[in-house]
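Examination of the molecular architecture
Each chain is listed here by its residues.
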Amino acid sequence: NQDEEKLTEYLDELEFLAFTAGATVQKRFTQKLTQPDSKTFIGSGKAIEIKEYVKENEIGTVIFDDELSPSQLKNLERDMEVKILDRTNLILDIFAQRAQTSYARTQVELAQYQYLLPRLTRMWTHLERQKGGIGMRGPGETEIETDRRIIRDRITLLKEKLKTIDKQMATQRNNRGKVVRAALVGYTNVGKSTLMNSISKSEVFAENKLFATLDTTVRKVVIGNLPFLLTDTVGFIRKLPTQLVESFKSTLDEVREADLLIHVVDISHESFEDHIESVNHILMEINAHQKPMIMVFNKIDDFSYEKKDEDDLTPSTRKNISLEEWKKTWMAKSKYPTVFISALTKENFPEMKKMIYDEVMKIHISRFPYND
Ligand code: GDP
């Protein structure tokens, strides 16, 4: 039952991703397999079931929650005769739509080509089929090789371009000198940009969609006469495509080089604990997990859980638990300073600001030992 709840949450998120990309989801299919089929990911019976549904309802795209191997993608498209997207491709698509600056666009383009390169044959088999297949193999293969070369060249070029920008950004970061740097981190859509806006009185784009923010924004913030730099970073997500982690290096460098992490959590979201885990996982991957951190639980204005079972705190059964009760759970044992706020109503802002001030001050003092 717990597995099923997890599954629903995962598919809820996938549906939200699809919505962000501009698609409407008509139906969900799930299947329990001990391990994915190496050729088609799902079993053949399930593939037929989906194929029939797609035909009957004139569905344009089938989206998978996992990353499919190039051959799985190819086989599925052939068998089901419909466009297939996997999770990675969907996320890349959203990133491509949302990239604002030339830097973000370059990052996304690189990630897209890296995703595309091993999957080039797929497009060709597709074309071959349309053109009748036989006889196409020769020229097809040559064209693929040409395309591969073009794409490899493009990847090299994009990497060089990013390297140059990375250097510039590193210099910029160095020039920021000794000012303490705090970075907002968190799962996508938890309210980082909203918080950034309300703390720094800036106008960062905030929207109820995934990945509204791709570029980092740095603002100078002053709390109680203490100035520091605050960075809004790209939102993290479960199974963030590796191509993106790599190409968003500079964005993640902001996190890696921050002195203090402000980890924002959407406590109104049923899976907020999973989100925390995903974020911590990525922080570990980029070796930023040992930095001082403040936990900011956001959206308390939207907090409502009903409790069904006394001891059960799993997501959909933890109902009617008050926020006060929550705070007595594992949260009470957190090794990080923790605060509960609403970025919308600004509830508990003074407490949060004091907490940030204290942490920034600690770092500040450790750097400038005025008195010994
Ligand atoms: P980001 O992706 O982490 O930067 O999240 P955003 O700042 O873009 O916010 C995502 C959505 O959550 C937006 O629709 C915000 O209006 C909403 N939001 C942010 N903070 C709060 C809050 O404290 N309470 C409620 N109810 N909604 C919030």
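Residues numbered from 1 in each chain as written. Predicted model: local features only at pLDDT ≥ 70, side-chain atom pairs only at ≥ 80, totals over all residues. Heavy atoms only, no water.

Right, let's talk about the packing of aromatic side chains for a bit. As enumerated under the stated definition, the model contains seven aromatic pairs in all. Where F272 meets F297, the ring centres are 6.1 Å apart and the plane angle is 85°; that geometry is what we call edge-to-face. Remark: F297 occurs in strand β7 (residues 293-298) and F272 occurs in helix α11 (residues 272-285); sequence separation between them is 25 residues. The structure contains a cluster of three or more aromatic residues connected by ring pairs, namely F272, F297, W330 and F340. Over the ring of F29 we find K27, and its NZ or CZ is 5.4 Å from the ring centre. Lying across the ring of Y53, K27 places its NZ or CZ 5.7 Å from the centre. (Phe/Tyr/Trp six-rings, centres within 6.5 Å; stacked < 30°, edge-to-face > 60°. Helix = DSSP H or I, 4+ residues; strand = E, 2+ residues; numbered from the N terminus. Lys NZ or Arg CZ within 6 Å of the ring centre and 35° of its normal.)

Okay, the sheet that holds β7 next. With respect to topology, six strands assemble into an open sheet ordered β4-β5-β3-β6-β7-β8, the strand pairing being mixed. Looking at which strands have only one partner, the edges of the open sheet turn out to be β4 (217-223) and β8 (338-340). Averaged over all neighbouring strand pairs, the angle between strand axes comes to 25°, with direction disregarded. Sheet analysis places strand β3 (residues 181-186) next to strand β6 (residues 260-266), joined by five bridges and oriented parallel. Each residue of the ladder has a partner; that of V185, found in β6, is H263. (Pairing = 2+ DSSP bridges. Axes fitted to C-alpha atoms, helices over the stretch in contact; angles between N-to-C directions.)

Now for the pairing of β6. In terms of burial, β6 is a largely internal element, seven of the seven residues being buried. Alternating residues of β6 divide into L260, I262, V264 and D266 and L261, H263 and V265, and every residue in both groups is buried. Taken together, the six bridges between β6 and β7 define a ladder with parallel strand orientation. Bridge assignment links V265 to a residue of β7, and that residue is F297. Once you follow β6 into α11 and on to β7, the crossover reads as right-handed. (Buried < 20%, exposed > 50% of the residue type's maximum accessible area, 1.4 Å probe, protein only. Right-handed = clockwise from strand over helix to strand, strands pointing away.)

Attention now moves to the pairing of β4. Note that β4 and strand β5 (residues 226-232) share seven bridges and pair antiparallel. Counted as the bridge partner of R219 is L230 from β5. Taken together, β4 and the strand that follows it, β5, pair antiparallel across an intervening segment of two residues, in which G224 is found at a positive phi of about 50°.

Our next topic: the confidence of the model for the protein chain. Across the protein chain, the average pLDDT comes to 82, with 82% of residues at 70 or higher. Confidence over residues 124-139 falls short of pLDDT 50; this stretch has twelve contacts with residues more than four positions distant or in other chains. (pLDDT = per-residue confidence, 0-100. Contact = heavy atoms within 4.5 Å.)

Another aspect to go through is helix α13 (residues 349-367). Along its 19 residues, α13 runs 27 Å from first to last C-alpha, staying within 8% of the 27 Å computed at 1.5 Å per residue. The secondary structure elements touched by the buried residues of α13 are α8 (192-200), β4, β5, β6, β7 and β8. (Expected span 1.5 Å × (residues − 1).)

Enumeration according to the criterion identifies 17 salt bridges in this entry. A salt bridge links E15 to R28; the shortest N-O distance between them is 2.8 Å. In this pair, E15 is assigned in helix α1 (residues 2-21) and R28 in the loop between α1 and α2 (44-57), connecting sequence segments 13 residues apart. Ionic pairing is found between E81 and K55, a salt bridge with its closest N-O pair at 3.4 Å. In this pair, E81 sits in the loop between α3 (70-80) and β2 (83-85) while K55 sits in helix α2, placing the two residues 26 residues apart along the sequence. Its relative accessible area of 53% is what places K55 among the exposed residues. (Salt bridge = Lys/Arg side-chain N within 4 Å of Asp/Glu carboxyl O.)

Our next topic: the packing of helix α4 (residues 87-98) against helix α5 (residues 102-116). A pair of packed helices can be characterised by two numbers: the angle between their axes and the separation between those axes. Where α4 meets α5, the closest approach of the two axes is 10 Å, and the angle between their N-to-C directions is 155°. For the element pair α4 / α5, the angle class is roughly antiparallel. Regarding α4 and α5, the two cross each other, and that crossing is left-handed. Here α4 contributes T88, N89, L92, F95 and A96 to the contact with α5, which in turn contributes V108, A111, Q112 and Y115. Its residues placed into classes, the contact of α4 with α5 shows six nonpolar, three polar and no charged. (Parallel < 35°, antiparallel > 145°, perpendicular 65-115°, else oblique. Left-handed = near helix turned anticlockwise from the far one by under 90°. Nonpolar A, V, L, I, M, F, W, Y, C, P; charged D, E, K, R; others polar.)

The next point concerns the side chain of D65. Note on placement: D65 falls in the loop between β1 (61-63) and α3. A residue is classified by how much of its surface remains accessible, and D65, at 13% relative accessible area, is buried. One polar contact links D65 to R87, side chain to side chain, over a distance of 2.8 Å. (Polar contact = N/O pair within 3.5 Å; in protein donor to acceptor, adjacent residues only side chain to side chain.)

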